[in-house]
Amino acid sequence: KFAQAWPAGLYEQIEALPALAPMATALEAPARPERPLAAPGDYRIGPQDLLKVEVFGVADLTRSVRVSASGQIILPLIGVVQAAGLTGQQLAAEIAARLAKDYLQNPQVTIFIEEFTSQRVTVTGAVKTPNVFPLKGRTTLLQVIAAAGGPTSVADSHSVRILRAEPGGARNVLQYDWGAIRDGAAPDPEVQGEDVIQVDTSTLKEVAKEVIEFVIPFSFFAR
(Lines give C-alpha, C1' and ligand atoms only; values in the text may rest on other atoms or scores of the structure.)
Protein backbone atom coordinates (compact mmCIF):
# COMPACT_ATOMS: atom_id res chain seq x y z
CA LYS A 1 0.00 0.00 0.00
CA PHE A 2 2.68 2.44 0.96
CA ALA A 3 4.81 1.69 -2.14
CA GLN A 4 2.01 3.05 -4.34
CA ALA A 5 2.36 6.49 -2.73
CA TRP A 6 6.09 6.81 -3.26
CA PRO A 7 7.56 8.89 -6.11
CA ALA A 8 7.72 7.02 -9.39
CA GLY A 9 10.73 4.75 -9.65
CA LEU A 10 11.90 5.15 -6.03
CA TYR A 11 10.69 1.69 -4.94
CA GLU A 12 12.59 0.06 -7.81
CA GLN A 13 15.74 2.01 -6.92
CA ILE A 14 15.54 0.87 -3.30
CA GLU A 15 14.98 -2.74 -4.37
CA ALA A 16 18.06 -2.50 -6.59
CA LEU A 17 20.31 -1.25 -3.80
CA PRO A 18 23.02 -3.70 -2.69
CA ALA A 19 22.85 -5.01 0.85
CA LEU A 20 24.30 -2.31 3.07
CA ALA A 21 25.22 -4.09 6.28
CA PRO A 22 27.88 -6.49 4.98
CA MET A 23 29.99 -3.80 3.31
CA ALA A 24 32.48 -3.60 6.18
CA THR A 25 33.08 -7.34 6.33
CA ALA A 26 35.42 -7.36 3.35
CA LEU A 27 37.74 -4.86 5.03
CA GLU A 28 40.68 -6.25 6.90
CA ALA A 29 41.72 -4.85 10.26
CA PRO A 30 45.09 -3.12 10.37
CA ALA A 31 47.88 -5.57 11.01
CA ARG A 32 51.43 -5.04 12.13
CA PRO A 33 53.73 -5.81 9.20
CA GLU A 34 55.40 -9.21 9.27
CA ARG A 35 58.74 -7.55 8.55
CA PRO A 36 59.75 -4.06 9.68
CA LEU A 37 60.15 -1.41 7.03
CA ALA A 38 63.46 0.31 6.33
CA ALA A 39 63.04 3.92 7.39
CA PRO A 40 62.12 6.09 4.38
CA GLY A 41 64.93 8.47 3.49
CA ASP A 42 62.92 11.62 4.21
CA TYR A 43 61.08 10.35 7.31
CA ARG A 44 61.97 12.14 10.55
CA ILE A 45 61.79 9.90 13.60
CA GLY A 46 59.45 11.13 16.32
CA PRO A 47 58.58 10.38 19.97
CA GLN A 48 56.87 7.01 20.57
CA ASP A 49 58.03 5.55 17.24
CA LEU A 50 59.12 1.92 17.60
CA LEU A 51 62.46 1.31 15.91
CA LYS A 52 64.43 -1.81 15.19
CA VAL A 53 68.16 -1.17 15.37
CA GLU A 54 70.06 -3.85 13.49
CA VAL A 55 73.83 -4.20 13.73
CA PHE A 56 74.96 -6.58 11.01
CA GLY A 57 76.61 -9.70 12.40
CA VAL A 58 76.14 -8.72 16.07
CA ALA A 59 72.87 -10.26 17.26
CA ASP A 60 73.30 -9.01 20.84
CA LEU A 61 73.17 -5.40 19.64
CA THR A 62 70.10 -5.87 17.42
CA ARG A 63 66.90 -4.94 19.23
CA SER A 64 63.59 -3.05 19.09
CA VAL A 65 63.45 0.20 21.07
CA ARG A 66 60.70 2.74 21.66
CA VAL A 67 61.61 6.42 21.24
CA SER A 68 60.90 8.19 24.54
CA ALA A 69 58.73 11.28 24.91
CA SER A 70 61.94 13.31 24.99
CA GLY A 71 63.03 11.75 21.68
CA GLN A 72 65.76 9.44 23.00
CA ILE A 73 66.58 5.74 22.83
CA ILE A 74 68.91 3.66 25.00
CA LEU A 75 71.22 1.08 23.42
CA PRO A 76 73.77 -1.38 24.78
CA LEU A 77 77.37 -0.13 25.03
CA ILE A 78 76.66 3.42 23.87
CA GLY A 79 73.76 4.37 26.16
CA VAL A 80 71.43 7.28 25.39
CA VAL A 81 71.09 8.42 21.76
CA GLN A 82 68.97 11.30 20.51
CA ALA A 83 66.72 9.87 17.77
CA ALA A 84 63.80 12.28 17.29
CA GLY A 85 64.27 14.68 14.41
CA LEU A 86 66.77 12.44 12.61
CA THR A 87 66.19 10.34 9.52
CA GLY A 88 66.86 6.62 9.76
CA GLN A 89 70.12 7.08 7.84
CA GLN A 90 71.29 9.85 10.16
CA LEU A 91 70.50 7.81 13.27
CA ALA A 92 72.23 4.74 11.81
CA ALA A 93 75.33 6.83 11.06
CA GLU A 94 75.37 8.26 14.61
CA ILE A 95 75.08 4.80 16.19
CA ALA A 96 77.74 3.37 13.87
CA ALA A 97 80.14 6.20 14.69
CA ARG A 98 79.74 5.68 18.42
CA LEU A 99 80.17 1.91 18.13
CA ALA A 100 83.25 2.34 15.92
CA LYS A 101 84.88 4.71 18.40
CA ASP A 102 85.39 2.13 21.15
CA TYR A 103 83.81 -1.23 20.30
CA LEU A 104 83.52 -2.37 16.67
CA GLN A 105 85.45 -2.03 13.45
CA ASN A 106 83.38 -0.64 10.59
CA PRO A 107 79.95 -1.52 12.07
CA GLN A 108 77.02 -1.76 9.65
CA VAL A 109 73.87 -0.31 11.24
CA THR A 110 70.36 -0.25 9.74
CA ILE A 111 67.28 1.40 11.22
CA PHE A 112 63.86 -0.14 10.57
CA ILE A 113 60.48 1.37 11.47
CA GLU A 114 58.13 -1.04 13.26
CA GLU A 115 55.54 1.55 14.31
CA PHE A 116 55.14 5.07 12.97
CA THR A 117 53.27 6.22 16.07
CA SER A 118 54.34 9.82 15.64
CA GLN A 119 52.52 9.82 12.29
CA ARG A 120 48.73 10.00 12.23
CA VAL A 121 45.84 10.07 9.78
CA THR A 122 42.36 11.51 10.20
CA VAL A 123 39.32 9.52 9.01
CA THR A 124 36.04 11.36 8.64
CA GLY A 125 32.76 11.21 6.74
CA ALA A 126 30.54 8.11 6.38
CA VAL A 127 32.45 5.81 8.75
CA LYS A 128 31.23 4.40 12.06
CA THR A 129 33.93 5.87 14.30
CA PRO A 130 35.57 8.94 12.76
CA ASN A 131 38.82 9.65 14.56
CA VAL A 132 42.54 10.31 14.36
CA PHE A 133 44.57 7.09 14.11
CA PRO A 134 48.32 6.47 14.50
CA LEU A 135 50.13 4.81 11.63
CA LYS A 136 51.85 1.59 12.63
CA GLY A 137 54.08 0.51 9.81
CA ARG A 138 52.78 0.34 6.26
CA THR A 139 49.03 1.09 6.30
CA THR A 140 46.65 1.05 3.36
CA LEU A 141 43.43 2.93 2.67
CA LEU A 142 41.16 -0.07 3.39
CA GLN A 143 42.99 -0.77 6.65
CA VAL A 144 42.41 2.80 7.82
CA ILE A 145 38.70 2.63 6.90
CA ALA A 146 38.44 -0.65 8.83
CA ALA A 147 40.16 0.95 11.85
CA ALA A 148 37.41 3.59 11.76
CA GLY A 149 34.79 0.86 12.18
CA GLY A 150 34.12 0.42 8.48
CA PRO A 151 31.70 2.41 6.30
CA THR A 152 28.21 3.31 7.44
CA SER A 153 25.09 2.08 5.64
CA VAL A 154 24.91 5.34 3.65
CA ALA A 155 28.56 5.40 2.52
CA ASP A 156 29.20 5.87 -1.19
CA SER A 157 31.05 2.70 -2.15
CA HIS A 158 32.63 4.47 -5.13
CA SER A 159 33.94 7.65 -3.53
CA VAL A 160 36.63 8.23 -0.95
CA ARG A 161 39.04 11.12 -1.00
CA ILE A 162 42.50 11.51 0.50
CA LEU A 163 43.52 15.08 1.27
CA ARG A 164 47.31 15.14 1.36
CA ALA A 165 49.44 18.09 2.38
CA GLU A 166 51.94 19.28 -0.20
CA PRO A 167 55.05 21.42 0.32
CA GLY A 168 53.95 25.01 0.73
CA GLY A 169 50.78 24.17 2.66
CA ALA A 170 48.45 23.28 -0.23
CA ARG A 171 46.43 20.05 -0.14
CA ASN A 172 46.29 17.62 -3.01
CA VAL A 173 42.95 15.78 -3.33
CA LEU A 174 43.22 12.14 -4.44
CA GLN A 175 39.98 10.39 -5.46
CA TYR A 176 39.51 6.61 -5.13
CA ASP A 177 36.80 4.02 -5.76
CA TRP A 178 37.14 2.08 -2.51
CA GLY A 179 34.50 -0.43 -3.61
CA ALA A 180 36.75 -1.44 -6.49
CA ILE A 181 39.73 -1.57 -4.12
CA ARG A 182 37.76 -3.75 -1.68
CA ASP A 183 36.79 -6.13 -4.51
CA GLY A 184 40.39 -6.43 -5.72
CA ALA A 185 39.71 -4.58 -8.97
CA ALA A 186 42.03 -1.70 -8.05
CA PRO A 187 45.21 -1.47 -5.96
CA ASP A 188 44.92 -0.51 -2.28
CA PRO A 189 46.95 2.71 -1.91
CA GLU A 190 49.24 3.33 1.04
CA VAL A 191 48.30 6.29 3.24
CA GLN A 192 50.80 8.79 4.61
CA GLY A 193 51.16 10.70 7.85
CA GLU A 194 48.83 13.70 8.17
CA ASP A 195 46.50 12.42 5.42
CA VAL A 196 42.81 13.24 5.86
CA ILE A 197 40.56 10.44 4.54
CA GLN A 198 37.01 11.47 3.67
CA VAL A 199 34.48 8.69 2.98
CA ASP A 200 31.65 10.28 1.01
CA THR A 201 27.92 9.77 1.57
CA SER A 202 25.59 8.37 -1.09
CA THR A 203 22.58 10.66 -1.54
CA LEU A 204 20.44 7.78 -2.87
CA LYS A 205 21.25 5.60 0.15
CA GLU A 206 20.47 8.48 2.49
CA VAL A 207 17.05 9.00 0.86
CA ALA A 208 16.34 5.26 0.94
CA LYS A 209 17.31 5.05 4.62
CA GLU A 210 15.03 7.96 5.51
CA VAL A 211 12.12 6.44 3.56
CA ILE A 212 12.58 3.04 5.21
CA GLU A 213 12.81 4.58 8.69
CA PHE A 214 9.59 6.50 7.97
CA VAL A 215 7.65 3.59 6.47
CA ILE A 216 8.52 0.73 8.87
CA PRO A 217 6.61 2.13 11.89
CA PHE A 218 3.47 2.57 9.76
CA SER A 219 3.85 -0.95 8.36
CA PHE A 220 3.92 -2.32 11.91
CA PHE A 221 0.66 -0.61 12.92
CA ALA A 222 -1.02 -1.50 9.62
CA ARG A 223 -0.80 -5.25 10.34
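Residues numbered from 1 in each chain as written. Predicted model: local features only at pLDDT ≥ 70, side-chain atom pairs only at ≥ 80, totals over all residues. Heavy atoms only, no water.

With mixed pairing, five strands are arranged side by side in an open sheet as 8-7-11-9-10. The open sheet has two edge strands, strand 8 (131-134) and strand 10 (171-176), and neither has a second partner. Between one strand and the next, the sheet's axes are offset by a mean angle of 25°, whatever the strand orientation. Relative to strand 8, strand 7 (residues 120-125) runs antiparallel, the two sharing four bridges. Across the sheet, the residue bridging to Arg-120 is Pro-134, located in strand 8. (Pairing = 2+ DSSP bridges. Helix = DSSP H or I, 4+ residues; strand = E, 2+ residues; numbered from the N terminus. Axes fitted to C-alpha atoms, helices over the stretch in contact; angles between N-to-C directions.)

A positive phi angle is found at Gln-48, which is not glycine, with a value near 75°. Take Gln-48: it is sitting in the loop between strand 1 (37-38) and strand 2 (50-55). One non-glycine residue, Leu-77, lies in the positive phi region at around 75°. Turning to its location among the elements, Leu-77 is positioned in the loop between strand 4 (72-75) and strand 5 (79-82). The partly exposed category is assigned to Leu-77, whose relative accessible area is 48%. (Buried < 20%, exposed > 50% of the residue type's maximum accessible area, 1.4 Å probe, protein only.)

Quick look at the side chain of Asp-49 now. When you line up the elements, Asp-49 lands in the loop between strand 1 and strand 2. Within polar-contact distance, the side chain of Asp-49 engages the backbone nitrogen of Gly-46 at 3.0 Å. Those residues within four positions of Asp-49 in sequence are excluded, and the remaining contacts are Tyr-43, Val-65, Arg-66, Val-67, Glu-115, Phe-116, Thr-117 and Ser-118. (Polar contact = N/O pair within 3.5 Å; in protein donor to acceptor, adjacent residues only side chain to side chain. Contact = heavy atoms within 4.5 Å.)

As a further point, take the pairing of strand 10. Two strands pair when backbone bridges link them, and strand 9 (residues 155-165) and strand 10 are joined in this way by six bridges, in the antiparallel orientation. Along strand 10, the bridge assignment pairs Arg-161 with Gln-175. The hairpin formed by strand 9 and strand 10 contains five residues between the paired strands, and Gly-168 there has a positive phi angle of roughly 100°.

Turn length for the strand 7-strand 8 hairpin, with the two strands adjacent in sequence and antiparallel, is five residues. Sheet analysis places strand 7 next to strand 11 (residues 196-201), joined by four bridges and oriented parallel. Bridge assignment links Val-123 to a residue of strand 11, and that residue is Ile-197.

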